[in-house]
Structures are given as structure tokens and as C-alpha cells.
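# Examination of the molecular architecture
Each chain, letter by letter, is given below.
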Amino acid sequence: MKLQKIIPQLITVLVVVLVFGFFTYNAQINMENRGIDFGYGFLSQESSFDVQFSLIEYDGSHSYFRAYLVGLLNTILVSIIGIIFATILGVIVGVARLSPNYLINQFAAFYVEFFRNIPLLLQIFFWYFAALRALPLPQDADAMLGVFFLTIKGLYVPAFIWENLNVFLYSIIAAIIAIVVIRIHARKVQETQGKQLPVFWISVGLIFILPLLSFLIGGVSLSFEIPQLKQLATTSFIYEGGLSLPPELIALTLSLALYTATFIAECVRAGIQGVGKGQKEAAASIGLNPNQVLKLVVMPQALRIIIPPTTNQYLNLTKNSSLAAAIAYPDLVLVFAGTALMQTGKAIEIVSITMLTYLSLSISISILMNWYNKKIAIKEK
């Protein structure tokens, strides 16, 4: 019996090895015939091209590896921002779909059906070529709240100028550790004594008070650098100072967030509807108010249904960010698998690195979400 189980597995492994070896051997022969060298030594060579938007210092004198880091950080940036906005919007729309208010319910349903049935690439084109191109030039832009400027060249916001930033970060870390300890203590008190501590308000107090103390006694100071309009030529203006977000980043983030939020909204709606009505009625019958029913009964069970499909949407959003190349946002695909590949001709090396990078990002997101899903799972005693 054991031999019957082992033989099919050995045959499967042998077939996989033979197929992989066949393609590897063919690629090696073809590369030798065409005089193409294989190796990753090009990563240390000078890239000789500039990137429009970078989170780290970079210019054409830096190496291809530095260009890879620029593309990777830009991909991670748009993915994180997109996931945050898509989650917030998706939860709001998902709850709105269950609203007894007819207008709110139907508007949420219209939003979901509208945005999820239009191809993502078209939505990116709409925001970049239609919506953002209608914005005013820098010299014609009106200030929002006196410090924000949204123009055809991007969004300009004040930049933070910190002193003793490390002390402020330590206070944030201390607040987070204190909140975790209090939450653990509150859970034990609830399980042993049946009492509920005001964990939320204690957490809010800690997250404000400890950083405030870093300003009062820790020597931390914060000032803002406001963008200033500067004239370069007779008809050419630009904002200097502050922080500028390019229109490509804005268009891509909007598209990814609005598109992915529709699927997250459906996950949220399915998760809440998956909790039996009888459990809500039972919770209400023992004196829990609606907020307690939602927090202690509905959401713990709904999250178990919501998290797994939402993880898939996070993965899709990260991979869909590769469409950024369509509007010239300098993500990993455009910078590394586009410009760097065209210059070096190292197709196998660059494409393999790019594929492994996306694979690593996706696996990291999966591990994080699976850890969270396991953490919030209801443990039976």
C-alpha cells in the first residue's frame, strides 16, 4: 500500500523536474547561440536614466539595483495607500448596503455595480486623462484650507519638519505597547469577572497623551513647510517646498481604491449577513445594547467570514498596481521591467526578479492576513 502511494508522487516529481530541466536547457542553448550572457552583474552598473518620482535619493548616476529599489518602494507605496482607502470605503459601503434606509441602500448598490463592472484600466485612464487633466494650472489653483494646492501637476501639501523625531516615535511605540497590555488585561477581567473596561477610551487617551508629553517634556518640536508658488518663465509656474504627490500616483490610488472597495464591500455584507439573526436577538435579550451586540457578537463572527476573501482583494490590488505603467507611474514594472530591461537586454534576469518580487509581496500579505485571521478566530474552550 505504501509503495502504491509513493510511486505516483515520485512520478509527479520526476515529470516536474524533466519539464523544468527541458526548458532550462533550451533557454541555455538558445542564449549561447545568440551570444547572450546570463548574470546579475548589471545590477551594479550605472542606470543612466532618471525617475520622475522617488521616495529615496536617486538619479541617473545610481545603479540598476537602486532603480529597482525606487520601483519597489513606489509599488509598495501605492499598494499600502490603496489598501487603506479601499478597506475604509469598502466597510462603509458594505454596511450601507444593509441599511434600512432605501436611498443609502440603493446608492451603495449602485456604487458597487458601477465601479466593479468597468475595467480597471479604463478607470485609471478616466482619472488620469479626464478628471485630473481638468484641474487648474499651478498659478490658477485656489488653496484648500490655505495650505493644500490641487493642480494639474499634482497635489501639494505641507511637509513636516521635525526635531527629535526619534523621541516622538518612541512615545508612539510606548503607547502601542501600553494599549496591547491593557487590552490583554481587559480581556482577562472580562473572562474572569464579567466586567468590561473602557478599553477604547483608554487607548484613545494613551495615543494622544504620551505623544503630547514628548512635545512638553521630550524636546520634540514640529513645524510645517508650506508650498510656495514660484515663477519659472512667463507662463510657467511651479510650487516649491512642501510635499508633492504626482497626478499619476493620485489617479492610480483612486482607481485601485474605488475598484477594490466594491469587492471588499460585498465581503463585508456577506460577513454580516452570515451571522444568524437569532444570535443578535439572544444578545439583545441579555441586556446588551446595539453597539455591544455589534462589537461582541456580530463582528467577531463576521470577521471570520470577511478576512479570507478580503485577503484575496488585497493581493489583487497589489498585483493590479502593475497597470501603473499605462500612465507612466514609476512602479516596479515601468522602472525595472520596462526601462532597465530595454537598456540592458537582461530579459530573463529582470523578469525573474520582478516575478519573485511580486510573489514575495503577495506571500507577505497572505502571511500577515492569515496571522490576523487566526488571531481573531473564536477559540472554543
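Now for a look at the structure at hand. Here the structure is a predicted model, which is why all the values come from computation and not from measurement.

What counts as what
- Note that residues are indexed from 1 along each chain, following the sequence as it is written.
- Two thresholds apply to this predicted model, a pLDDT of at least 70 for residue-level local features and 80 or more for giving and counting side-chain atom pairs, whereas whole-chain, interface and lining totals are computed over all residues.
- Hydrogens and water are ignored here; the side-chain numbers use all heavy atoms of the structure.
- Strands are labelled as partners when DSSP assigns at least two bridges between them.
- Only runs of H or I of at least four residues qualify as helices and only runs of E of at least two qualify as strands under DSSP, and these elements are numbered from the N terminus.
- Axis lines are fitted through C-alpha atoms, for helices just across the contact stretch, and the angle between N-to-C directions can take any value from 0 to 180 degrees.
- Roughly parallel covers angles under 35 degrees, roughly antiparallel covers those over 145, roughly perpendicular covers 65 to 115, and oblique covers all other angles.
- Crossings are assigned a handedness: left-handed for a near helix turned anticlockwise from the far helix by less than a right angle, right-handed for a clockwise turn.
- Residues are treated as being in contact if the distance between any of their heavy atoms lies within 4.5 Å.
- Gly counts as polar in this scheme, as do all residues outside two lists: the nonpolar Ala, Val, Leu, Ile, Met, Phe, Trp, Tyr, Cys and Pro, and the charged Asp, Glu, Lys and Arg.
- Only Phe, Tyr and Trp rings take part, Trp by its six-membered ring, and two of them pair if their centres are within 6.5 Å. Stacked means planes under 30 degrees apart, edge-to-face means over 60, and tilted covers everything else.
- For the exposure calls, accessible area comes from a 1.4 Å probe over protein chains only, and a residue counts as buried if that area is under 20% of its type's maximum, exposed if over 50%, partly exposed in between.
- Residues belong to one nonpolar core when they are buried, are Ala, Val, Leu, Ile, Met, Phe, Trp, Tyr or Cys, and are joined through side-chain atoms within 4.5 Å.

Two elements, strand S5 (residues 228-231) and strand S6 (residues 237-240), share four bridges in a ladder whose sense is antiparallel. Considered in S6, the bridge of leucine 229 is made with tyrosine 239.

The next subject is the sheet that holds strand S7 (residues 243-245). Strand pairing in a sheet is mediated by backbone hydrogen bonds. Such pairs are either parallel or antiparallel. An order of S1-S2-S7 is seen for the three strands of this open sheet, with the pairing classed as antiparallel. Each having just a single partner strand, strand S1 (149-151) and S7 make up the two edges of the open sheet. Sheet twist, expressed as the average angle between the axes of neighbouring strands with direction ignored, equals 15°. Examined bridge by bridge, S1 and strand S2 (residues 154-157) share three bridges and lie antiparallel to one another. Paired with phenylalanine 149 across the two strands is tyrosine 156, which belongs to S2.

Our next topic: the packing of helix H7 (residues 247-273) against helix H9 (residues 290-320). Look at H7 against H9: their axes get within 8 Å of each other, and the N-to-C directions meet at 160°. Between H7 and H9, the crossing angle belongs to the class labelled roughly antiparallel. Crossing of H7 against H9: the hand is right-handed. Facing Leu256, Tyr259, Thr260, Phe263, Ile264, Cys267, Val268, Ala270, Gly271 and Ile272 of H7, the residues of H9 in contact are Val298, Ala302, Ile305, Ile306, Pro309, Thr310, Gln313, Tyr314, Leu317 and Asn320. Looking at the contact of H7 with H9 residue by residue, the class counts come to 15 nonpolar, five polar and no charged.

Let us look at the packing of aromatic side chains. Applying the stated criterion to the full structure yields 22 aromatic pairs. Ring centres of phenylalanine 114 and phenylalanine 115 lie 5.1 Å apart, and the angle between their planes is 85°; this geometry places the pair in the edge-to-face category. Between tyrosine 128 and phenylalanine 129 the ring centres are 4.9 Å apart and the planes differ by 75°, which places this aromatic pair in the edge-to-face class. On the accessibility criterion, phenylalanine 129 (45% relative accessible area) is partly exposed.

This part covers the nonpolar core. Of all hydrophobic cores here, the largest spans 46 residues; its most connected members are Tyr111, Leu252 and Tyr329. Only helix H2 (64-96), helix H3 (102-116), helix H4 (120-131), S2, H7, H9 and helix H11 (347-376) provide two or more residues apiece to this core. Among the elements that make up this core, the one with the highest residue count is H7 (12 residues). Discounting residues that sit within four places of it in the chain, tyrosine 329 has contacts with Phe53, Asn74, Leu77, Val78, Glu248, Leu249, Leu252, Ala324 and Leu334.

Next up on the list: the packing of H2 against H11. Between two packed helices, the angle of one axis relative to the other and the distance separating the axes together describe the packing. Their axes nearest at 12 Å, the elements H2 and H11 cross at an angle of 35°. Here H2 runs over H11; the crossing is right-handed. Across the interface between the two elements, Tyr68, Leu72, Thr75 and Ile76 from H2 touch Ile353, Thr357, Tyr358 and Leu361 from H11. Of the residues in the contact of H2 with H11, the class split is six nonpolar, two polar and no charged.

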